[in-house]
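# Examining the three-dimensional arrangement
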Amino acid sequence: MIDILLALSILFPVLAGFICLGIKNHTARGGIVYLTTAVLIITSILFLRQGSFPIEYTPALAWDWVMLVFDYVILAYFLFVAIRDFVRRGISRHNVLTIALTLASGIPLALFEFSWAPRVPLEAHPTLFIDHLAGIMCLVISIIGSLICVYAIRYMRDHEEHRIHLGELRETNQPRFFFFMLIFLGAMNGLVFANNLLWLAFFWEMTTLCCYALIRHDETPVAITNAFRALWMCLIGGVGFTLAIIFSWNSPLHTISLMEIINSGALAYPALLLPLALLCLAGFTKSAQVPVQSWLLGAMVAPTPVSALLHSSTMVKAGVYLILRIAPGFQGTNLSTFVAIYGGAIFLVTSLLAISQSEGKRVLAYSTIGNLGLIILCAGINTSLAVAAGIMLIIFHAMSKGLLFLCAGAIEHNIWSRNIEDMEGVARGLPILSGITIVGILSMLVAPFGVLITKWGAMEATSGIGVWSTLILILLMLGSGATTVFWTKWAGRLLCHSPLPGAAKAEPIVPLYHGILLLFITCAVVFSILIAPVYNGVVAPALAEAGYSPAFTTGFWFLKAPGLGIFAAWPIFVVVAFALMIPYLRVRAKPEQSRAAYMCGENVELGTDAFVAVADERTELKTGGFYAESILGERNLNRFIEPIGIILLIIMFAMVTI
Amino acid sequence: MISTHWAVISAVIAVIVAPLIGGLLKGVDRKLTAHMQGRIGPPIIQPFYDFIKLLGKKPMVAGSAQLVFAYGYLFLIITAVVFWAIRQDLLVLLFILGFAGVCLALGALSVKSPYSQFGGHRELLQLLAYEPILLLAAIPIALKSGGFPIANIFEYGQPLLPDLWLTFIALVVALVIVMRKSPFDISSSEHAHQEIVRGIVTEYSGPYLAIIELAHWYELVLLLAILSLFWIVGSLWWLSIIIPLACWFLMLITDNICTRLTWSWMVKFAWGCGITLVALNILFVNLHWV
């Protein structure tokens, strides 16, 4: 049974991707995507219904050979594209770094696998390891990931129509797009189930490949440059992986089994600190933490489903998933405290940077990096409450951020702009879409939604760890304040319009946009209300399997952290429904009550946003958002944070090697 | 935790009594301010007269969204007051207070009016200044009383102020920012400003302005109630009424002698001074020096 489920979740999407590559018909391709969605969702649910956890599975040796060969195929492909880019566009930082880092990753790996390791290929028992944490990630990947692919069916059609209309595109690229999207889903599933570090590295590189290909999709010069930037920055993590494998084999444990490393722990075996730190480095680069955050920002040029899937809900989660998984391994060490401080610092800095961004997707990107920093912080605090908060944040952030990216994409396909300032007053013309967006923004920001509950959990967990908690808490609270600013500002810009007489034009309803968005927002709300059953169902077993004590008790569906605090989720939902939903449904301004705003002059007429000013001239009213570019902009802050990020990483490695 | 019986009674009393106290305090505020300025000033119960007058006015609205958010602001502040009364988790209370502040800002930002927009964005900056202080202040309270629920403060049995006076000072700074009193009356003020009129409440009038006023009364009482937690147990429990009122009076004096300062100064001051004070307190508690 397990082998069938594994084949369906890992191999079936790859097969579906190859089929999509060959299909020219739009409807047939859509059918394949729907089929893959159904298969993946059912498979991921069935995984968690298996009898006893954790499940260990070792496929036949032939598969180890397949991994080995394809790992080098992928590395060779990276070399190939870098050299091709070098030939076409001349020498540049990006292709040189790509070639250098691919060689730095591939040559030691080849040396290890073929001359240092006792057997070729080197196995670890078990090869695949399925526990509740992996099961949660599989659910997130399969459900959220596939739904984003379904959304992409319509989105890519509109996207290509628009580009053909603008003369930028001649023939469709959708087969290649869906090929990479689908094999990416299979690679992610393989990544979360892998226990053998060589297999994990293979799936890791495969997600890097998909990331590169998908960012590059539009084949504009900016897209190609940003794709290479993502490629070499993720390859830094690949180098880290290779070195982690080598050092972990050279440690007294002589193992490349992830679970063996974690279960032994760095406290008992200090030699494991270096491989664990290298795996953390791989996680940091995959999750676009400082100093490599610019690859995620650059990746925003890709079509929105790519941003939603890879760069918010799924691929970047692979990095924090790895760090959460190895967290029990470095529990109680200085590395753990360091990881917490690092995550908190990134949360603060990216939240401040997000205030200065006026392009919607860049705000979402910075917010994503910040929340990933928050998960890393939770992993670093390493108590059961913190790790529970981290796992739940993975789930809720994937839902909310995926939703917000899809909303941004749908709005973009209505107003053909990504700038928040162009979204001013969109709530009038697109009430359903902006309503979903605003609820999505609130779901990232306020009680009682899941993201805030996890922030509460992280704060309460941090308060108990001693002297370092002071610094970490400062970073957390300041970052939390900063997030309020940019989220509320965006919601406010969406709503900002003057009362216009008469009814607005009806909003065009697109089933694949609105349907998917409604599904996402319903999930976000329902799962936030049901946070206690979610905790009991999947998170509590995951904690137990990793060796942590229970984080919450859940009487009445409240979350009670024993000896710390209590979060009554559903009563607050009732209150919020009463406070906001009922006024929204019942209170309406009657037409005769509508007045134009006060503009300090004689208004022209209701709904024209103009007033009579100097010399009796009719002057248009223009409003704008607050961005503080000069203080919080990238130009100002990046020159501090990138060097500091590099120094922090150097300190981390100094700490583990000395 | 207190029993359900007492919880319901406390909640009902709090919801009824808090605006009465809040309105009265606003009235005394205006009277004392007038005397400081050499005037006689309105009667002490003038705020209630104003409230009734506003309720009776014809509503004029610049968009339905601002109405929704006015109600949201009021009901969420009332929820926070109820949370205090039933001694719930302090951090959750502060998050609900933050949500209320977001509603107020959204109500202002949802109207296309220059003054409202100014007020709304500046309100976000006030949130940026005071929210970290409030959230951080919950930590030393929790460390001392053994948990975040307010009930733990009552069970702790000793006053918190002698150990947590640094946090208390930071909270007083936060109080002035939340109540939008000089020098922090940046997003709005009780007296209209020349360049942003009334800021966040510029486009509110009539019954909806009355709702916002009512919510401000609740907010004032809630913040004073949070300050009162520092001496609410022990034999000298009546100090828990005197001390917040003294702080409120201090805020009054500061309002009268200070002029408004810039938003960047406010954020720097709040983050620099306020955060440092609370951080030192957390450090001292963790090092067992207090």
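In the block above lies the structure referred to throughout.
Keep in mind the model is a prediction, meaning the values are calculated, not measured. (Residues numbered from 1 in each chain as written. Chains lettered and ligands numbered in written order. Predicted model: local features only at pLDDT ≥ 70, side-chain atom pairs only at ≥ 80, totals over all residues. Heavy atoms only, no water.)

### Digging into the overall build of chain B
Within chain B, the secondary structure is distributed over 10 helices and zero strands. What you see in chain B, going N to C, is helices and strands ordered as α-α-α-α-α-α-α-α-α-α. Taken against the 2.2 N^0.38 rule, which gives 19 Å for 290 residues, the C-alpha radius of gyration of chain B at 19 Å falls within 12% of a compact globule. Each principal axis of the C-alpha distribution contributes one length, and for chain B these read about 55 × 45 × 40 Å. The buried share of chain B, reckoned over its 290 residues, is 63%. Contacts in chain B between residues far apart in sequence, at least 24 positions, make up 77% of those at least 6 positions apart. Positive and negative charge centroids in chain B, built from 16 and 14 side chains respectively, lie 8 Å apart. (Helix = DSSP H or I, 4+ residues; strand = E, 2+ residues; numbered from the N terminus. Rg over C-alpha atoms; globule rule 2.2 N^0.38 Å. Buried < 20%, exposed > 50% of the residue type's maximum accessible area, 1.4 Å probe, protein only. Contact = heavy atoms within 4.5 Å. Lys, Arg positive; Asp, Glu negative; His and termini not counted. Charge placed at Lys NZ, Arg CZ, Asp CG, Glu CD.)

### Description of the interface of chain A and chain B
Quite often, the size of an interface is put as the accessible area lost when its parts meet. Counting residues at the interface gives 65 residues for chain A, matched by 63 residues for chain B. For the pairing of chain A and chain B, the buried interface totals around 5400 Å² over both sides, and the portion due to carbon and sulfur atoms is 77%. When the area that chain A buries against chain B is broken down by residue, the three leading residues are M477, Y598 and F626 of chain A, summing to 10%. A salt bridge links K112 of chain B to D609 of chain A, with the shortest nitrogen-to-oxygen separation between them at 3.5 Å. Across the contact surface, chain A and chain B share 10 residue pairs in polar contact (both at pLDDT 80 or more). Mapped by element, the contributors of at least two residues to the side of chain A that touches chain B are α18 (431-445), α19 (450-462), α20 (469-495), β4 (565-567) and α23 (569-586) of chain A. The dominant element in the side of chain A that touches chain B, judged by the number of residues it contributes, is α20 of chain A, at 17 residues. (Buried area = accessible area lost by both parts, 1.4 Å probe. Salt bridge = Lys/Arg side-chain N within 4 Å of Asp/Glu carboxyl O. Polar contact = N/O pair within 3.5 Å; in protein donor to acceptor, adjacent residues only side chain to side chain.)

### What to know about the packing of aromatic side chains
Going through the model one piece at a time under the given rule, you end up with 34 aromatic pairs over all chains. Judged by centre distance (5.3 Å) and plane angle (55°), the ring pair of F202 of chain A and F203 of chain A falls under tilted. In this pair, the class of F202 of chain A matches that of F203 of chain A, namely buried. Ring centres of F48 of chain B and W217 of chain B lie 5.3 Å apart, and the angle between their planes is 65°; on these two criteria the pair is classed as edge-to-face. One end of the pair, F48 of chain B, is in helix α2 (residues 46-55); the other, W217 of chain B, is in helix α8 (residues 206-228), and 169 residues separate them in sequence. Among the aromatic side chains, those forming a connected cluster through ring pairs are W456, Y535, F552 and F567 of chain A. The lysine or arginine in question, R154 of chain A, covers the ring of Y513 of chain A, its NZ or CZ lying 5.9 Å from the ring centre. If you follow R588 of chain A out to its NZ or CZ, it ends over the ring of Y584 of chain A, 5.6 Å from the centre. (Phe/Tyr/Trp six-rings, centres within 6.5 Å; stacked < 30°, edge-to-face > 60°. Lys NZ or Arg CZ within 6 Å of the ring centre and 35° of its normal.)

### Section: the layout of surface pockets
In this structure, the largest pocket occupies an estimated 1400 Å³ of space. Mapped onto the lining of the largest pocket, the elements with two or more residues apiece are α17 (426-429), α18, α21 (511-529) and α23 of chain A together with α3 (64-85) of chain B. Looking at side-chain class alone, the lining of the largest pocket contains 31 nonpolar, nine polar and three charged residues. (1 Å grid on protein atoms, 1.4 Å probe; cavity = no way out; pocket = protein on both sides within 12 Å on 5 of 7 lines; lining within 4 Å. Points joined across faces, edges and corners; volume = space filled by probe spheres on them. Nonpolar A, V, L, I, M, F, W, Y, C, P; charged D, E, K, R; others polar.)

### Details of the pattern of salt bridges
Under the criterion given, the structure shown has 21 salt bridges over all chains. Of the charged contacts in the structure, one is a salt bridge between E123 of chain A and R119 of chain A, with a shortest N-O distance of 3.9 Å. For R119 of chain A, a relative accessible area of 41% puts it in the partly exposed group. Among the ionic contacts, a cluster of salt bridges with common partners joins E421, E424, R493 and D609 of chain A together with K112 of chain B.

### Quick look at helix α12 (residues 304-313) of chain A
One turn of an α-helix holds 3.6 residues; hence residues three or four places apart share an orientation. Among the 10 residues that make up α12 of chain A, 10 are buried, leaving the element largely enclosed by the rest of the structure. Those residues of α12 of chain A not exposed but buried are T304, P305, V306, S307, A308, L309, L310, H311, S312 and S313 of chain A.

### Concerning the packing of helix α5 (residues 132-165) of chain A against α12 of chain A
Residues and elements named next belong to chain A. One way to put it is that α5 packs onto α12 with a least axis distance of 8 Å and a crossing angle of 165°. When the interaxial angle is binned, α5 and α12 end up roughly antiparallel. The two elements α5 and α12 meet at a crossing, and its hand is right-handed. Contact residues: α5 offers V140, I144, G145, I148, C149, Y151, A152 and Y155, while α12 offers T304, P305, A308, L309 and S313. (Axes fitted to C-alpha atoms, helices over the stretch in contact; angles between N-to-C directions. Parallel < 35°, antiparallel > 145°, perpendicular 65-115°, else oblique. Left-handed = near helix turned anticlockwise from the far one by under 90°.)

### Thoughts on the environment of S480 of chain A
One can find S480 of chain A in helix α20. Here S480 of chain A is in contact with F347, K455 and M459 of chain A together with F95, E131 and L135 of chain B, once residues within four sequence places are set aside.

### Notes on the nonpolar core
Residues F193, W295, F552 and F567 of chain A are the most contacted members of the largest nonpolar core, which totals 367 residues. Filtering out sequence-adjacent residues up to four positions away, F552 of chain A remains in contact with L385, A388, M392, W456, Y535, L559, K560, A561 and P562 of chain A. (Core = buried A, V, L, I, M, F, W, Y, C linked by side-chain atoms within 4.5 Å.)

### Observations concerning unusual backbone geometry
Residues and elements named next belong to chain A. Cis geometry is adopted by the peptide bond preceding P121, which originates at V120 and carries an omega value of -10°. Positionally, P121 belongs in the loop between α4 (93-116) and β2 (128-130). Phi at A628 is positive, roughly 50°, even though this residue is not glycine. Tracing the chain through its elements places A628 in the loop between β7 (618-620) and α24 (629-632).

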